[in-house]
Amino acid sequence: MTRRTLFAPGRFSAAALLSLTALGSCAQDIETAGVPGEEPTITSAVLTGFNVTTRAYNSQRTGANTSEVALNPTNVNTATFGKRFSLTVDDEVYAQPLYASNLSISGGNHNVVFIATVNNTISAFDADLGGAALWSRNFNNGGRPVSHTEVGGNCVPYNDFSGNIGIVGTPVIDGNSMTLFLVTRTVEAGAFIQRLRALDISNGNERVLARTIGTIDPRTNNQRPALALSQNKVYVGWASYCDTPPYEGRVMAFNTSDLSQAAAFSAAPGGGLAGIWMAG
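Each value, and the rule that gives it
Residues numbered from 1 in each chain as written. Predicted model: local features only at pLDDT ≥ 70, side-chain atom pairs only at ≥ 80, totals over all residues. Heavy atoms only, no water. Helix = DSSP H or I, 4+ residues; strand = E, 2+ residues; numbered from the N terminus. Buried < 20%, exposed > 50% of the residue type's maximum accessible area, 1.4 Å probe, protein only. Contact = heavy atoms within 4.5 Å. Areas by Shrake-Rupley, 256 points an atom, 1.4 Å probe, with all protein chains shown as cover. Pairing = 2+ DSSP bridges. Axes fitted to C-alpha atoms, helices over the stretch in contact; angles between N-to-C directions. Disulfide = S-S within 2.5 Å. pLDDT = per-residue confidence, 0-100. Salt bridge = Lys/Arg side-chain N within 4 Å of Asp/Glu carboxyl O.

Trainee: Quick question: what am I supposed to make of the overall build of the chain here?
Mentor: Scanning the chain from N- to C-terminus turns up zero helices and 18 strands. Relative to its full complement of 280 residues, the chain shows a buried share of 54%. For the chain, the share of sequence-separated contacts (at least 6 apart) that also reach a separation of at least 24 residues comes to 57%. When the accessible surface of the chain is summed, it comes to about 11,800 Å², and 51% of that surface belongs to carbon and sulfur atoms.

Quick look at the structure:
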């Protein structure tokens, strides 16, 4: 088991949450910041108030929380700002944690932090109280995660990852449909498989059948970038493991309603254009 750390004195301020964190660039402790302050609006069908639904706060990846009003040099100090609790997860964390305020789970409202691990597990925790996961789902699908020893043959050993390589790209949340999208990667009966999944953020159940991504080599194409959401489409990107062929830079768009492919852009290794096509 891997222990990850959350920081916050008192109650969380929704506008302050995650303002001082290192946002998912490597497998590090999860540090969530907060000070006593305002409470977000309780919601049911859609997310409102302050939420962190994508990497670095927005699709532009600016890393700027423009809603921040609580944190300042007077209250971020060793006397009032520090470790509050730790959470235990099942493996390393490369994806940035995401956050939903006042989410209804099991008959109660919780400020929730979502944590994805390289063991293809995603869990929802109470961001104020810690403790056991509100829900947790593993998507190894009867197999196991990809190992860093099985990829990146141009680098021996391949050490951009130190162990498993399951969920790595930061998921994205659609606050209107209360759906979290992520990509898992597994080895099942010797076959390398990547799947796009859509989960209900209130319980972790899959909303639609997971989509196996079959138009790329799932062993040599690395789904490292964070997922993005725009106009009812989720965007997923790939690159390489240590420039080990065959790989291509690719971005694909999928419809959020049923995960059908909507568009794709592909660039050949070295920057040459390989092709662009649209579907749907």
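On we go.
Trainee: Please explain the sheet that holds strand S5 (residues 121–126) as it appears in this structure.
Mentor: Working definition: the strands of a sheet are paired by backbone hydrogen bonds and lie parallel or antiparallel to each other. Pairing within the open sheet is antiparallel, and its four strands lie in the order S3-S4-S5-S6. Looking at which strands have only one partner, the edges of the open sheet turn out to be strand S3 (98–105) and strand S6 (135–138). Shown here is a sheet whose adjacent strand axes are inclined to one another by a mean of 25 degrees, direction ignored. Two elements, strand S4 (residues 108–116) and S5, share five bridges in a ladder whose sense is antiparallel. Residue pairing across strands places Ala-116 opposite Ile-122, the latter belonging to S5.

Trainee: It is not clear to me how the state of the cysteines should be interpreted in this structure. Could you clarify?
Mentor: By definition, a disulfide links the sulfur atoms of two cysteines through a covalent bond. If you walk through the whole model with that rule in mind, you get one disulfide. In this model Cys-155 forms its disulfide with Cys-242; the gap between the sulfur atoms is 1.6 Å. In this pair, Cys-155 sits in the loop between strand S7 (144–147) and strand S8 (164–165) while Cys-242 sits in the loop between strand S15 (233–240) and strand S16 (249–255), placing the two residues 87 residues apart along the sequence. With relative accessibility at 22%, the residue Cys-242 sits in the partly exposed group.

Trainee: Help me out: how do you make sense of the confidence of the model for the chain in this one?
Mentor: The predicted structure's coordinates, where accompanied by low pLDDT, should not be read in detail. With 79% of its residues at a pLDDT of 70 or more, the chain has an overall mean of 83. Across residues 270–280, where pLDDT falls below 50, the model places 21 contacts with residues more than four positions away in sequence or in other chains.

Trainee: Help me understand the pattern of salt bridges in this model?
Mentor: Note that side chains of opposite charge can pair when their charged atoms are close. What the rule picks out here adds up to five salt bridges. Across the pair Glu-188 and Arg-195 runs a salt bridge whose closest N-O atoms are separated by 2.6 Å. The exposure classification of Glu-188 matches that of Arg-195, with both residues buried.

Trainee: Can you walk me through the environment of Gly-152 in this structure?
Mentor: Structurally, Gly-152 is set in the loop between S7 and S8. When its relative accessible area of 5% is taken as the criterion, Gly-152 is described as buried. Sequence separation between Gly-152 and Thr-244 is 92 residues, and the spatial gap between their C-alpha atoms is 5.5 Å. Sequence-distant contacts of Gly-152, defined by excluding residues within four places in its chain, comprise Tyr-158, Tyr-241, Cys-242 and Thr-244.

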